[in-house]
Structures are given as structure tokens and as C-alpha cells.
Amino acid sequence: MSKKKDTVLVSGGAGYIGTHTTVALIEAGYDVVMIDNFSNSEPSAVEGVEKILGRKMTFEECDTCDIKALRGVFERHEFSTVIHFAAYKAVGESMAEPLKYYQNNLVSYMNILQLMKEFGRPNILFSSSATVYGDADVLPVTEQTPRKPATSPYGNTKQIAEDILRDCCAAYEGMYGIALRYFNPVGAHPSALIGELPRGVPNNLLPFVTQTAAGLRECLSVFGNDYDTPDGTCLRDYIDVVDLAKAHVAAVDRMTEGKMEQKYEIFNVGTGRPGSVLELLTRFEKANDLKLPYKIVGRRPGDVPAVWADTAVANKVLGWKAERDLDDTLRAAWAWEKHLRNIK
Ligand code: WQD
């Protein structure tokens, strides 16, 4: 382990990406203060992080929408950098309950920014999403690709949050921001001690796949095979969550080492390789030596046919590259599901 670096406040620290990022930050020599209100996560996730690292973590149960509680966190802990994960993320739910999304995702975010300004904490890393590109005209998408109007309140919160960060970094001398645009995060830590914990029926593809393999779901529905893509199913850029976590470390290094060239920077975080839904299924079956029951059904409203990242900027500027082999990722996802369900 390298020498002690800055302390990072990780909001949504018990979440899927928050736990993996915390592990990567500690392994890189950072200290971490984790906060979470467990609205979409479990205390066992913090225990998983502690088991992997073999140490106790600094954790506080805190709702980032509660500015009084959040202020206490700022008062009790010194940190130079915040990684803000805490947010709702279900696209469909956001259509049904837009206020819940605007309220939670934007109020919590503005509370964080407000307190950072007040307490003079300079660096914020925001979890954005490839959803901001919508149905892009040219693929792969670069950071310069124009954003398309958001098609869901969830997507809109990501666009608005990016704009707020741009404006704050321009206006406040001591504020620096990085937005990481994630493509499709998948997989789990190789230890199988942390991973994704979806509540209820999963919206995302891989958790549905692993739950179907575990027998929790009868059959996977493939949403459409009549897209203008090589096998007719949608193309996405599936990025291993451990690689994604390392991109956060690279971004925090850049901020804390004073290497930012602009006060607000954006990076695509993907593999740069498109993969279809059917490819993912077939590779999951092969990598784990099992058969998945699936059927082709109609398209899911709101899905874009294809999106994948141009990662040249992240590769060059952050010095980061996705490294995990997709088969290993798919094996890790299944190992995590088996761990959750006590399957041998
Ligand atoms: C991937 C592909 C589906 C489920 C969303 C958000 C994005 C990001 C990740 C946050 C699509 C197909 C899926 C299923 C299927 N945000 N599919 N059967 O839609 O690319 O991105 O999640 O958390 O902002 O928009 O990801 O995993 O839902 O779908 O055929 O049961 O799998 O149609 O082509 P998506 P996804």
C-alpha cells in the first residue's frame, strides 16, 4: 500500500459503485469517510468492504438531503474531495415519480455543493451517465458529442447536475469538478463479498441474468431483436465495476495532485467496445457453464439502439483503461449472485 493520501467523502458509500470505489481508494492509499442512508443499500455492504480490506471503515448513516445532518459530517471530518454517488437510478420509476427523483437527486447534490463551498472543500467528482448522450448520431460517443434532450427525469437529473457543476466551478474560485459518464457498469468484486444488490425485480440486464440463472426469475426477456445492429439486439458498453472504481481513483489523483487543466472536466468511462444483449447472454452461459432460459419480446420504450464510448480522453488524460476481461466479469457477477443466494 502506498503512503497516506487525502481523505475522500463518499456519499452513497454503501451502494454498488460506492463500495467498489471505496475499496479501490483505500487500496490506493486514500482514507475514506463513507456515508449512506441505506435507502437503496444494506449495512452488509459496508461489512463486505471491511472484510475485503481487513479493517474497520469510517461510516456514518446520513441522508444527504438533510443538510443539518450533512453539515455534521462536514464538521466532524476533514476531507479535500467528495465523490457523490448518492442518488436514485431507476429510469422507469423516475417517469412515474419525477418529483421523487428531482427532489432526492438534486437537493442532496446541492447540499453537498453548498457545504463544500462553505467549508472550503475543493474537489467534487460527480457520477454522471452515458444516458446524457441519448440516441447519438455518431458512434462511439466522445465527450464532445452533443447531449440529447433527456428522455427520463432520471436522465434529466444527470444533465442538470452536470450543468450545475460546470456553473459552480466557473463561479467559485476554490471549486474543481469532474463528471464521470459511466456506460453500463456490471460485475462484482472478485472476492464475491460486494456486488450489486437490486431491490425487487432488477431493471438492468446483468442482475436479471444472474437472478434467472439462480432460479429467482423464470425467464429473461430480451427487449427487441429488430434493431439495426449486427444481431438485432441493442449494443451497450459493459464496463466492469472494478475497472470503473479505478477510474474514480485516477480522477481523484488528478484532482488532489493539482493536475486538472480546466476547473470542470468530463470523462467517458467505458471499455470502448460495443456488446449486444445476445452476446452478453451467450458469454455468460459459456463463462459459467450453464444455460439461461430466455425469450425475445418487444422493444422496451426509451431504449436507444446503440451506445458505446470513445475512451481516448480517459485513457490519455486520466491514464486509465478498462482492463478486466468480460468473461472474468461475468464469472464474478455469477459468483456474487451465488454468494447472495447461498448457492454452491
Ligand atoms: C441494457 C440492455 C435492454 C433488461 C440504464 C440506464 C443508464 C445506467 C445503466 C443507471 C438494453 C436490455 C435489459 C432485461 C433486456 N444507469 N435488457 N432485458 O438501459 O443501457 O442503461 O442502466 O443505473 O443510465 O439508462 O441498461 O441494463 O437496463 O439494459 O433485454 O431484462 O439490455 O433493452 O438493450 P441501459 P440496462
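Residues numbered from 1 in each chain as written. Predicted model: local features only at pLDDT ≥ 70, side-chain atom pairs only at ≥ 80, totals over all residues. Heavy atoms only, no water.

Caption draft 1: The overall build of the protein chain, seen in detail. Tallying secondary structure elements over the protein chain gives 11 helices and 13 strands in all. Relative to the compact-globule value of 20 Å for 344 residues, the protein chain shows a C-alpha radius of gyration of 19 Å, a close match. For the protein chain, buried positions account for 54% of its 344 residues. Intrachain contacts of the protein chain at a sequence separation of at least 6 include 79% that bridge at least 24 residues. (Helix = DSSP H or I, 4+ residues; strand = E, 2+ residues; numbered from the N terminus. Rg over C-alpha atoms; globule rule 2.2 N^0.38 Å. Buried < 20%, exposed > 50% of the residue type's maximum accessible area, 1.4 Å probe, protein only. Contact = heavy atoms within 4.5 Å.)

Caption draft 2: Quick peek at the side chain of Asn111. Here Asn111 shows up in helix H5 (residues 98-119). According to the relative accessible area criterion, Asn111 is buried, its value standing at 10%. One polar contact links the side chain of Asn111 to the main-chain carbonyl oxygen of Thr64, over a distance of 2.9 Å. A distance of 3.1 Å separates a polar side-chain atom of Asn111 from the backbone oxygen of Cys65. Excluding its chain neighbours within four sequence positions, the residues that come into contact with Asn111 are Thr64, Cys65, Asp66, Ile67 and Leu70. (Polar contact = N/O pair within 3.5 Å; in protein donor to acceptor, adjacent residues only side chain to side chain.)

Caption draft 3: Structural detail: the pairing of strand S11 (residues 264-269). A large share of S11 lies buried, amounting to 5 of its 6 residues. Note that strand S6 (residues 176-182) and S11 share 6 bridges and pair parallel. Bridging from a neighbouring strand, Tyr182 pairs with Val269 of S11. (Pairing = 2+ DSSP bridges.)

Caption draft 4: Region of the structure containing the packing of aromatic side chains. One pass over the structure, following the stated rule, counts 7 aromatic pairs. Plain terms: the ring middles of Tyr133 and Phe183 are 6.3 Å apart, the flat faces sit at 25° to each other, and that makes the pair stacked. A residue pair is termed long-range when its members are at least 10 positions apart, and Tyr133 in the loop between strand S5 (123-129) and helix H6 (153-171) and Phe183 in the loop between S6 and strand S7 (184-186) qualify at 50 residues. For Tyr133, a relative accessible area of 0% translates into the label buried. Note on Phe183: relative accessible area 5%, which makes it buried. Connected via pairs of aromatic rings, a cluster forms that spans Phe74, Phe79 and Phe119. The lysine or arginine in question, Lys100, covers the ring of Tyr88, its NZ or CZ lying 5.0 Å from the ring centre. When the ring centre of Tyr172 is taken as reference, the NZ or CZ atom of Lys117 above it lies at 5.0 Å. (Phe/Tyr/Trp six-rings, centres within 6.5 Å; stacked < 30°, edge-to-face > 60°. Lys NZ or Arg CZ within 6 Å of the ring centre and 35° of its normal.)

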